[in-house]
Amino acid sequence: MSASAPNRSVDVVVVGAGFSGLYLLHRLRELNLSAVVFEAGTDVGGTWYWNRYPGARVDVESLAYSYSFSEELEQEYPWEERYPTQPEILRYAQHVADRFDLRRDIVFRTRVAAAHWDDEAGTWQVRTEHEDAVTARFLVLATGCLSASKLPEIPGLDTFKGATFHTAHWPHEGVDFTGQRVGLIGTGSSGVQSIPVIAEQAADLTVFQRTPAYSLPARNRRLRPDEIADMRAGYRAYRKAQRESGFGVPTPVPTKSALEVSDEERDATFERAWESGSLVNLLTAFTDTAVDQAANDTARDFIHRKIRQIVTDPQVAGDLCPGYPVGTKRPCLDTGYYETYNRPDVHLVNLQREPLVEVTERGIRTAEREYAFDAIVYATGFDAMTGALTNIDIRGRGGVSLKETWSAGPRTYLGLGSVGFPNMFMITGPGSPSVLSNMVVSIEQHVEWVTGVIEHLEKQGLRAIEPTQQAQDSWVDHVNEIAGYTLYPKANSWYMGANVPGKTRVFMPYAGGVGAYRKRCDEVAAQGYEGFALT
Ligand code: FAD
Ligand code: N01
């Protein structure tokens, strides 16, 4: 299809051609519904199209971070690494698009600017940045939780004379830092993955850290043929276990508190998790790491000891030790992250001690001094979960704006819909497990639920669906209540909106687990979409 869509009418407009949008389109076609997907990028893949920074890879194993909807796809796809690189995952998304002939209904290079509900017609009027207009009965926002990137809020970003890069907008042709002095701001997952690789290439790397990350060695490796064969043979049981699990990654359910075991047993348990190269193993090693501060402190102390063992300079090691509870900001999986700080050409600037002041023509100025660079990398993350949604001028019944409605934090029923916005669905929206899970599992569940409800409306000859106020209010209360049992609200995380100045602090994902959440969604559907008004 051309880069510009003709003005027309379809059953469903989908925004975004990442893993969510691709599967949505496939399912909608199976229902014989007409659909158009708008995608800002020039190709499919979403996250894996945009985030091409050096070292970018997944932190859920490839055989698990993959679609389950097609057994043929599962059996035939030749995964190479335990934790595949961005190019390998992008190739997978491209393979899916080609195999299921999806591209012909995707309009690339086209950002959706606005979507307005027409109450009388019972349709969405969708407008793109190119002023194309499409009318649709349903609007599905597959816009991604981590797709609206953000720069640091400091003056002078435009004044720097050298090259600048954001990890989420990395040049497709790559960047050669050979011989360069590089400054990098941000030590979340993107920073932690890219720092060791950039350090290898650059003449000198200075890392500006506001908050340290907890990171575990990924212990990545090529997959062995026998483990691929075992996984393929056992896929059906594994997928079932994924769907019923807490994080979308099956792990043994812990039975012991971190506080009831001896120091030796606790250390041995953490050591096994550390050696396994799996975040989930660490987070689920004990029953109470996520909910009890004293239990969590034991995990924190274990990781601090690891950092101090690896990093030779005691001050640098101390600066790399986080203070917030383990798991309350997304932990990282790395390859040689802490070791990188032992290089003589890598320097850590602790922004807690010397805050950022501005970007200058020559580099970056902190409260202490100016640092000169040839290139600056911003690994400064995203306006997560809501940014991509509120960037679109979405107006529901009576012209009410989604952005304004959510100014005190997102309010949804099950993370799928929001009062006042009929026939609008979100994939992995706030109020669903989403970013707290292996997201392919959550994406498939949402896509199947959303296409299921659309099918139901079609069969029943119904025109519109929207959450009831009461159902939404009690779901929001439930999401907050569950978050309140956990330590999550204790950290200044993007889960809380704390990384975006002015954003209301509210814990956005649902922490009740993938399995329990799916059960609730299935019950809602089985009871005729309880909590939704169908007209
Ligand atoms: P996305 O992949 O974000 O796709 C959304 C698409 O919508 C984008 O292509 C964007 O261009 C498009 N879009 C947005 N707004 C508009 C608009 N207005 N108009 C047109 N197009 C629009 N999850 C895991 O479970 N495990 C991991 O290991 C993992 N690693 C990650 C690593 C990185 C670097 C990042 C950023 C995220 C990672 N995630 C991971 C989360 C990842 O985002 C999801 O796993 C998954 O890829 C999301 O797919 P999606 O289709 O829902 O959204
Ligand atoms: O973004 P982040 P990310 N001044 O928000 C700092 C997924 N992901 O792109 O923590 C100074 O985590 C900010 O500091 P602070 C994963 O879900 C997965 O790294 O806000 N510093 C932080 O250090 C992840 O969580 C993988 O104090 C500023 C960093 O920039 C999510 O995507 C890989 C600043 C941003 O970290 C986002 O990760 C990559 C400022 N003004 C991404 N603003 C995997 O490995 C921000 N920072 C699977």
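This one's a predicted model, so the numbers in the text were calculated from it and none came from an experiment.

Participant: Teacher, can you tell me more about the overall build of the protein chain here?
Facilitator: Across its full length, the protein chain carries 17 helices and 20 strands. Taking 535 residues into account, the globule formula puts the C-alpha radius of gyration at 24 Å, and the protein chain, at 23 Å, falls close to it. Considering only C-alpha atoms, the protein chain reaches an extent of 70 × 55 × 45 Å along its principal axes. Across the 535 residues in the protein chain, those meeting the buried criterion constitute 58%. Residue pairs at least 24 apart in sequence account for 73% of intrachain contacts in the protein chain once pairs closer than 6 positions are excluded. Surface exposure of the protein chain reaches about 21,300 Å², of which carbon and sulfur atoms provide 49%.

Participant: Whenever I open this one, the site of ligand 1 confuses me. Can you help?
Facilitator: Of all residues adjacent to ligand 1, which total 32 residues, the nearest are S20, E39, T47, D59 and Y65. At 3.0 Å from an oxygen atom of ligand 1 is found a side-chain nitrogen or oxygen belonging to W50. Between ligand 1 and the protein, one listed contact pairs an oxygen atom with a backbone N or O atom of M439 at 2.7 Å. Broken down by secondary-structure element, the contributors of at least two residues to the shell around ligand 1 are α1 (19-30), α2 (47-50) and α15 (439-460). In terms of residue count, α2 provides more of the shell around ligand 1 than any other element does, three residues in total. For the shell around ligand 1, the per-class residue count stands at 17 nonpolar, 12 polar and three charged.

Participant: Even after reading the chapter, I still don't get the pattern of salt bridges, so can you show me in this structure?
Facilitator: Once the charged atoms of two side chains with opposite charge are near each other, the side chains can pair. A complete count under the given rule lists 40 salt bridges for this structure. Where R397 meets E466, a salt bridge forms, and the shortest distance between an N and an O atom there is 2.3 Å. Placement of R397 in the loop between β17 (393-395) and α14 (402-405) and of E466 in strand β19 (residues 465-467) is noted, with a sequence separation of 69 residues between them. In this structure R397 comes out as partly exposed when scored by relative accessible area, which is 36%. A residue is classified by how much of its surface remains accessible, and E466, at 12% relative accessible area, is buried. Three or more residues are tied together by salt bridges with common partners; here these are R29, D101, R104 and D105.

Participant: How should helix α10 (residues 293-310) be read in this particular structure?
Facilitator: Within an α-helix, residues lying three or four positions from one another point in the same direction, as the helix has 3.6 residues per turn. Over its 18 residues, α10 runs 25 Å from end to end, which matches the ideal 26 Å to within 8%, given 1.5 Å per residue. At its buried positions, α10 is contacted by β10 (215-217), α8 (263-276), α9 (279-283), α11 (314-320) and α12 (337-340). Looking at where α10 begins, the residue whose side-chain oxygen comes 3.0 Å from the main-chain nitrogen of A294 is D292.

Participant: Is there a simple way to explain the sheet that holds strand β16 (residues 375-378) in this structure?
Facilitator: Strand pairing in a sheet relies on backbone hydrogen bonds. The paired strands run either parallel or antiparallel. On the basis of which strands lie adjacent, the open sheet formed by five strands has the order β7-β16-β8-β9-β12 and parallel pairing. A strand with exactly one partner marks an edge of an open sheet, and here the two such strands are β7 (163-166) and β12 (346-350). The sheet shows a mean angle of 20° between the axes of neighbouring strands, taken without regard to direction. Helix-sheet contacts for helix α5 (residues 189-201) involve β8 (181-185), β9 (204-209), β12 and β16, and the interaxial angle to β8 is about 175°.

Participant: How do you make sense of the confidence of the model for the protein chain when you look at a structure like this?
Facilitator: Close inspection of predicted coordinates is inappropriate for parts of the model with low pLDDT. With 99% of its residues at a pLDDT of 70 or more, the protein chain has an overall mean of 96. Scored below 50 in pLDDT, residues 1-6 makes 16 contacts in the model with residues more than four places away or belonging to other chains.

Calculation rules
Residues numbered from 1 in each chain as written. Chains lettered and ligands numbered in written order. Predicted model: local features only at pLDDT ≥ 70, side-chain atom pairs only at ≥ 80, totals over all residues. Heavy atoms only, no water. Helix = DSSP H or I, 4+ residues; strand = E, 2+ residues; numbered from the N terminus. Rg over C-alpha atoms; globule rule 2.2 N^0.38 Å. Buried < 20%, exposed > 50% of the residue type's maximum accessible area, 1.4 Å probe, protein only. Contact = heavy atoms within 4.5 Å. Areas by Shrake-Rupley, 256 points an atom, 1.4 Å probe, with all protein chains shown as cover. Near = heavy atom within 4 Å. Polar contact = N/O pair within 3.5 Å; in protein donor to acceptor, adjacent residues only side chain to side chain. Nonpolar A, V, L, I, M, F, W, Y, C, P; charged D, E, K, R; others polar. Salt bridge = Lys/Arg side-chain N within 4 Å of Asp/Glu carboxyl O. Expected span 1.5 Å × (residues − 1). Pairing = 2+ DSSP bridges. Axes fitted to C-alpha atoms, helices over the stretch in contact; angles between N-to-C directions. pLDDT = per-residue confidence, 0-100.

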